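Fold and contact review
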Amino acid sequence: MTDRLQDPAPSPPYPPGSRDPAPSPPYPPGVQDRPVAVLGRDLRSRALTSTDLVAACLDRIGAVDPVVRAVLALDGTARDQARAADRRHARGTPLGPLDGIPVLLKDNIDTAGLAGTAGSRLLAGTPPDRDAEVVTRLRAAGAVVLGKTNLTEWGNFRSTASIEGWSAVGGQTRNPYDPEHSPWGSSAGSAAAVAAGMAPLALGTETDGSLVCPAGVCGVAAIKPAPGTLPAAGVVPISAVQDSVGPMAARLEDAALCLAALTGRPLPDGPAPPAAVRVGLWHVRGMAPDAQAVAERVAARMRDAGAVVVPVELTLPRDMLVDGLDALCAEFRPSLERYLGSRRGAPATLDEIVAANLRDPVEMGPFGQELFERCAALTDEDRERAPDLRRRSRRRARDLIDTALARYGVDVLMAATSGPAWRIDHGPDPFTRTSSTLPALAGRPVVAVPAGFSGELPVGVSLFGPAALEELLPCAFLAERHGDPRRTPAVLREFPRP
């Protein structure tokens, strides 16, 4: 297998001595692939220890990550965190449903003393001094921070020709279902790691599609909450207005449990009665036909179970999309520079980043930085227009969604998330239609679930529409229930499954 890119790190970037071989594991095979609720029950009953669960995750990482390249750094304190969780369980004082559960974090989410690169060599020298607020919540819930995952560099906002899943720090992440194919991005490492069973849970971020698209092509579930549902402080930003932090997991119930634990807000944990659900099926113009076919199959099964499914028409006006992109570019520089002010040893300004990248042949080897340069060239007057552009694009996107819900008499909208993954060894990434932009501009939540396959490659569906996630989740659980049977990723068929 030959990369079309020269990876700056030909072997996994985390220290090889940071995990111990376990040729005769004391834990059941595939224990980390179990539902999080089951793992939590077993931890509380002492049928399983967090120490063994963490060891199982580290062994899986050691077995398959040299191929998948999802993990950018491992936390050397993970085993100590697990032992502390085991002591709490032994005393009967667990901190909650995530106590002792290993979690991987996209490496644009700050963790004190660990990585924090956003995929860029410019942030690789000095790790953050403190945790992002969402990581503080994870630790308070007892979760074990296992490590950091690779991402499309700078959240896929450096260039219009960025390569999904590639960063100068972590190299090219690959799809566990076929390593010759893309994992999408920018939360590529989080999706691929969960798909390969490297951890039961991962956190990613999204501005437009960065959670739901990698979830779709890697065959996992993701929840993109409305911006602000989880705190974004300590997360390398694109837009303080549109960015969102969310969970990824093998199944939707796990992602919902994680989000509920981090928000302190109970969320629905199962499907609605089919007879109570009305779904608008959106065929996104230009979407890959095999992805449309998967969405049709899921819709037909939901209809057979008693749900009402009707086709809907939606057209996204070009000027709404232009307003949204112009707002994003205007929001980027102040959002990023506020963040950089919290990072010791980091460049202070976007101008410094642009200049430093130009001096680095590794950074500039595969693609340029046209978006950075566009954002750097904006004037104060341009940036002052951002709030009006944002309000206008958000209002129009919400009106489109709400009008469709009312016109067709449906509770939610459903569409294929994207087409299947493309090959990453030949030519630039293709332009691929997605269903993520409309809810991203509207600031509405999206839930992506595994739905089926195109050949051996996963395809997902996304559900959105209501402003309240509580209204959306029961329909998403129903869609997940009517997807195709799950399959074992190719990398797990080729390697042992400790």
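Residues numbered from 1 in each chain as written. Predicted model: local features only at pLDDT ≥ 70, side-chain atom pairs only at ≥ 80, totals over all residues. Heavy atoms only, no water.

Overview of the sheet that holds strand 13 (residues 457-464)
Formally: DSSP calls a pair of strands paired once it identifies at least 2 bridges connecting them. Helix numbers and strand numbers start at the N terminus; a helix is a DSSP run of H or I with at least 4 residues, a strand a run of E with at least 2. To obtain each axis, a line is fitted to C-alpha atoms, and for helices this fit is confined to the stretch in contact; angles are then taken between N-to-C directions over 0 to 180 degrees. Every residue pair with non-hydrogen atoms within 4.5 Å of one another is taken to be in contact.
As summarised here, the arrangement of the 11 strands in space is 1-3-2-6-8-7-12-13-11-9-10, forming an open sheet in which the pairing is mixed. For this open sheet the edge positions go to strand 1 (71-74) and strand 10 (308-312), each flanked by a neighbour on one side alone. Adjacent strand axes in the sheet meet at a mean angle of 30°, parallel and antiparallel pairs treated alike. Looking at chain direction, strand 11 (residues 412-416) and strand 13 are connected through 4 bridges and run antiparallel. Looking at the pairing, Ala 416 lines up with Val 461 of strand 13. Across the face of the sheet, helix 4 (residues 133-140) comes into contact with strand 2 (102-106), strand 3 (144-149), strand 6 (201-206) and strand 8 (244-249) while running at roughly 175° to strand 2. Seen against the sheet, helix 9 (residues 289-304) touches strand 9 (278-282), strand 10, strand 11, strand 12 (446-454) and strand 13 and runs at an angle of roughly 140° to strand 11.

With respect to the packing of aromatic side chains
Convention followed: The rule is short: rings of Phe, Tyr and Trp, with Trp giving its six-membered ring, pair when the centres are within 6.5 Å, and they are stacked under 30 degrees, edge-to-face over 60, tilted in between. Exposure classes here rest on a 1.4 Å probe applied to the protein chains alone. A residue is buried below 20% of its type maximum, exposed above 50%, and partly exposed in between. To sit over a ring, a charge needs its Lys NZ or Arg CZ within 6 Å of the ring centre and within 35 degrees of the ring normal.
One pass over the full model with this rule turns up 7 aromatic pairs. With a centroid separation of 5.9 Å and an interplanar angle of 55°, the aromatic rings of Tyr 177 and Phe 453 are classed as tilted. Pair noted here: Tyr 177 is in the loop between strand 5 (171-172) and helix 6 (188-195) and Phe 453 is in strand 12, with a separation of 276 residues, a long-range link. The exposure class of Tyr 177 is buried, given its relative accessible area of 9%. Where Phe 332 meets Phe 372, the ring centres are 5.4 Å apart and the plane angle is 25°; that geometry is what we call stacked. One end of the pair, Phe 332, is in helix 10 (residues 318-340); the other, Phe 372, is in helix 13 (residues 370-377), with 40 residues separating them in the sequence. Note on accessibility: Phe 332 and Phe 372 belong to one class, buried. Put simply, the rings of Trp 154, Phe 157, Phe 332 and Phe 372 touch in pairs and so form one group of aromatic residues. The ring centre of Phe 453 lies 4.0 Å from the NZ or CZ of Arg 487, which sits over that ring.

Some words on helix 11 (residues 350-358)
Among all positions of helix 11, only Leu 350, Ile 353, Val 354, Ala 356 and Asn 357 are buried. Summarising the contacts, the buried residues of helix 11 are in contact with helix 5 (153-156), helix 10, helix 12 (361-364) and helix 13.

With respect to the pairing of strand 13
The buried fraction of strand 13 is high, at 8 of 8 residues. Here strand 13 shows a buried face lined by Leu 457, Val 459, Val 461 and Leu 463 and a second buried face lined by Pro 458, Gly 460, Ser 462 and Phe 464. Sheet topology note: the strand 12/strand 13 ladder contains 8 bridges and is antiparallel. Its bridge partner lying in strand 13, Val 447 is registered against Leu 463.

Things to note about the nonpolar core
Applied cut-off: To form a nonpolar core, buried Ala, Val, Leu, Ile, Met, Phe, Trp, Tyr and Cys residues must be joined to one another through side-chain atoms within 4.5 Å.
Within the largest apolar cluster, 124 residues are counted, with the highest numbers of intra-cluster contacts made by Met 198, Met 414 and Leu 463. Among the elements that line this core, the one with the most residues is helix 2 (residues 50-68), at 9 residues. Not counting residues within four places of it along the chain, the set of residues in contact with Met 198 comprises Cys 57, Arg 60, Ile 61, Val 64, Asp 65, Val 68, Ala 70, Val 71, Leu 104, Leu 146 and Ala 193.

Focus: the pairing of strand 10
In terms of strand pairing, strand 9 meets strand 10 through 5 bridges, oriented parallel. Residue Leu 281 lies in a different strand from strand 10, and its bridge partner there is Pro 311.

Some points on the side chain of Glu 363
Within the fold, Glu 363 resides in helix 12. Assessed through its relative accessible area of 0%, Glu 363 is described here as buried. When near neighbours in sequence (up to four residues on either side) are disregarded, Glu 363 contacts Gly 119, Ser 120, Arg 121, Leu 122, Glu 153, Arg 158, Trp 166, Ala 168 and Asn 357.

Thoughts on unusual backbone geometry
Put simply, Gly 185 and Ser 186 share a cis peptide bond, and its omega is 5°. As for its position among the elements, Ser 186 is in the loop between strand 5 and helix 6. The phi angle at Arg 46 is positive, at roughly 70°, despite the residue not being glycine. When you line up the elements, Arg 46 lands in the loop between helix 1 (36-45) and helix 2. Exposure remark for Arg 46: the relative accessible area of 39% places this residue in the partly exposed category. We note that Asn 156 has phi near 65°; this positive angle belongs to a residue other than glycine. Residue position: Asn 156 is located in helix 5. The class for Asn 156 is partly exposed, based on a relative accessible area of 24%.

As for the confidence of the model for the protein chain
The condition that has to hold: Residue-level confidence of the predictor, termed pLDDT, takes values from 0 up to 100.
Confidence in the prediction for the protein chain averages 94 pLDDT; 94% of positions are at 70 or higher. Scored below 50 in pLDDT, residues 1-12 makes 31 contacts in the model with residues more than four places away or belonging to other chains. Confidence drops under a pLDDT of 50 for residues 15-24, and excluding neighbours within four residues, the segment shows 10 contacts in the predicted structure.

Quick look at the packing of helix 10 against helix 13
Test applied: In what follows, roughly perpendicular refers to angles from 65 to 115 degrees, roughly parallel to angles under 35, roughly antiparallel to angles over 145, and oblique to any angle outside these ranges. Each residue gets one of three labels, nonpolar for Ala, Val, Leu, Ile, Met, Phe, Trp, Tyr, Cys and Pro, charged for Asp, Glu, Lys and Arg, and polar for the others, Gly among them.
Remark: helix 10 packs on helix 13, axes separated minimally by 8 Å, with the N-to-C direction vectors making an angle of 75°. Judged by the angle between their axes, helix 10 and helix 13 are roughly perpendicular. Of the residues in helix 13, those in contact with Leu 325, Asp 326, Cys 329, Phe 332 and Arg 333 of helix 10 are Phe 372, Arg 374, Cys 375 and Ala 376. Here the contact of helix 10 with helix 13 is built from residues that sort into 6 nonpolar, no polar and 3 charged.

A closer look at the pattern of salt bridges
Quick note on the threshold: Salt bridges are defined as contacts in which a side-chain nitrogen from Lys or Arg sits within 4 Å of a carboxyl oxygen from Asp or Glu.
This structure, assessed with the given rule, holds 28 salt bridges. Here Arg 121 ties to Asp 360 by a salt bridge, and the two come within 2.8 Å at their closest N and O atoms. With Arg 121 in the loop between strand 2 and helix 4 and Asp 360 in the loop between helix 11 and helix 12, this residue pair connects regions lying 239 residues apart in the sequence. Overall, Asp 360 belongs to the buried group, its relative accessible area being 14%.

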